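Examining the three-dimensional arrangement
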Amino acid sequence: MAAIVVGAIGLHIINDVLESDEEDDDLEDIFAISGASLMYARLIVRDDRIKSQRYYETTIRNYLPDSFKRFFKVNRETLELLCENLALHPTLSTRIVSGGRPQILLEKKILMTLRYLASQETICELRDRFGVSEHCFLKSKKQVIMAVIDTFFNKCIKWPDVADFPNIAREFDEMGAYNFPGVIGAIDGCHIPIEAPLQNASSYYNRKKFHSIILQGVCKNDLLFTDINVGWPGRVHDAKVLRNSNLWEAGFEKCAHGRYHILGDAAYPLKQWLLTPYRDNGHLNQQQRRYNLQLSSKRQVIERAFALLKGRFRRLKYLNIKKEMDMCQTVVCTCILHNICILQNDRLDDIINVDSDDEDGQGHVNVYPWLQNDAQGTLKRIQITNRM
């Protein structure tokens, strides 16, 4: 607004001079005044952009541990682990460049990214808070997200070793008031709200009446993700997402050839390695109802994992990102950081608030004829039901 007002004044002065019979020297003076006015306007516009002075250098240093964790959703020990490991990544390694502005420190880049993921602050608010330009902020964020994926994905999100299956199954069985044998994980889909895409927006409009992409996750009893699949449009059925993920072909082998299993809701097909509840048609017997109850009590860990993920990284409450690849990379990065925090015992138990995408816990029923229950899965479910 200041630039418009001062510029208008300058033009008014020039018009007055052109209509008068003053000497050329006076005209030159007026143009000099006008130029100074426009330069002053630019200074006013720059001054309107208020940046935090030395926020990273001073304010963050003075945060108490609780304040630091409340703001960045990780503790300082987790930050140190990230700095130590990401310093080796090519895009984040320190380069010696003569001249120009000094490089942004690695720790500052990571903190900017953590705050971006932990909040719903706008890019303008974040860039001003950390005293950097919008371009520098976006570039740093992308570098950190890619470095986290490259450095930690295969280390942090991995299927457990077969040798660990007995212990995992025992911990699942002992969790809560009910028993369920042979469980090494739980699977579900989670909707990540997004801005409506410019193309094929209807494909992303889900049954809950908002645009989203789907995060399919498998987790253990400790809420660690062991398998993820990100990016399918929100309108797609959970069973189809599974059918097009690597887990579909590898699930039987991953579960020790069906000796162990993961648990899913009614949206999924019944397999020897993937057990689901009986469909409640109003005629279930007592054992079948008990089986459903005990399965549900174990399967809720994946809902708690999603709740913790979204509670820690509130950016997932709404992703206003244009490019689909950037959306997916952001979600994958948060899943990795989620696992790192759990492995570091960096807990945020007070923010877990289960808000399942399927309020009834049954999911939307599997309706795909090419995903029918198989005989081995049906037999295994009957055997487990009879032992309850």
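For the structure itself, look to the data block above.
Focus on the packing of helix α6 (residues 106-118) against helix α7 (residues 123-130)
At a closest axis distance of 11 Å, the pairing of α6 and α7 adopts a crossing angle of 150°. As for how α6 packs across α7, the hand of that crossing is right-handed. From α6, K108, L111, M112, R115 and Y116 reach across to α7, where they touch I123, L126 and F130. Tallied by class, residues from the contact of α6 with α7 come to six nonpolar, no polar and two charged.

Regarding the environment of Y318
Tracing the sequence through the fold places Y318 in the loop between α12 (286-312) and α13 (324-343). When its relative accessible area of 35% is taken as the criterion, Y318 is described as partly exposed. Along the chain, Y318 and E195 lie 123 residues apart, while their C-alpha atoms are 7.5 Å from each other. Among residues more than four places away in sequence, those in contact with Y318 are Q120, P193, I194 and E195.

Looking at the packing of helix α8 (residues 134-156) against α13
Between α8 and α13, the shortest axis-to-axis distance is 9 Å and the interhelical angle comes to 55°. The orientation of α8 with respect to α13, classified from their angle, is oblique. Crossing handedness for the pair α8 and α13: left-handed. Facing K142, I145, M146, V148, I149, F152, F153 and C156 of α8, the residues of α13 in contact are D326, Q329, T330, V332, C333, I336, L337, N339 and I340. Tallied by class, the residues present in the contact of α8 with α13 amount to twelve nonpolar, three polar and two charged.

Some remarks on the environment of I302
One can find I302 in helix α12. For the pair I302 and V218, spaced 84 residues apart in sequence, the C-alpha separation works out to 6.8 Å. Sequence-distant contacts of I302, that is, excluding residues within four places in its chain, are made with A186, I187, D188, G217, V218, C219 and F225.

Parameters and conventions
- Residues numbered from 1 in each chain as written.
- Predicted model: local features only at pLDDT ≥ 70, side-chain atom pairs only at ≥ 80, totals over all residues.
- Heavy atoms only, no water.
- Axes fitted to C-alpha atoms, helices over the stretch in contact; angles between N-to-C directions.
- Helix = DSSP H or I, 4+ residues; strand = E, 2+ residues; numbered from the N terminus.
- Left-handed = near helix turned anticlockwise from the far one by under 90°.
- Contact = heavy atoms within 4.5 Å.
- Nonpolar A, V, L, I, M, F, W, Y, C, P; charged D, E, K, R; others polar.
- Buried < 20%, exposed > 50% of the residue type's maximum accessible area, 1.4 Å probe, protein only.
- Parallel < 35°, antiparallel > 145°, perpendicular 65-115°, else oblique.

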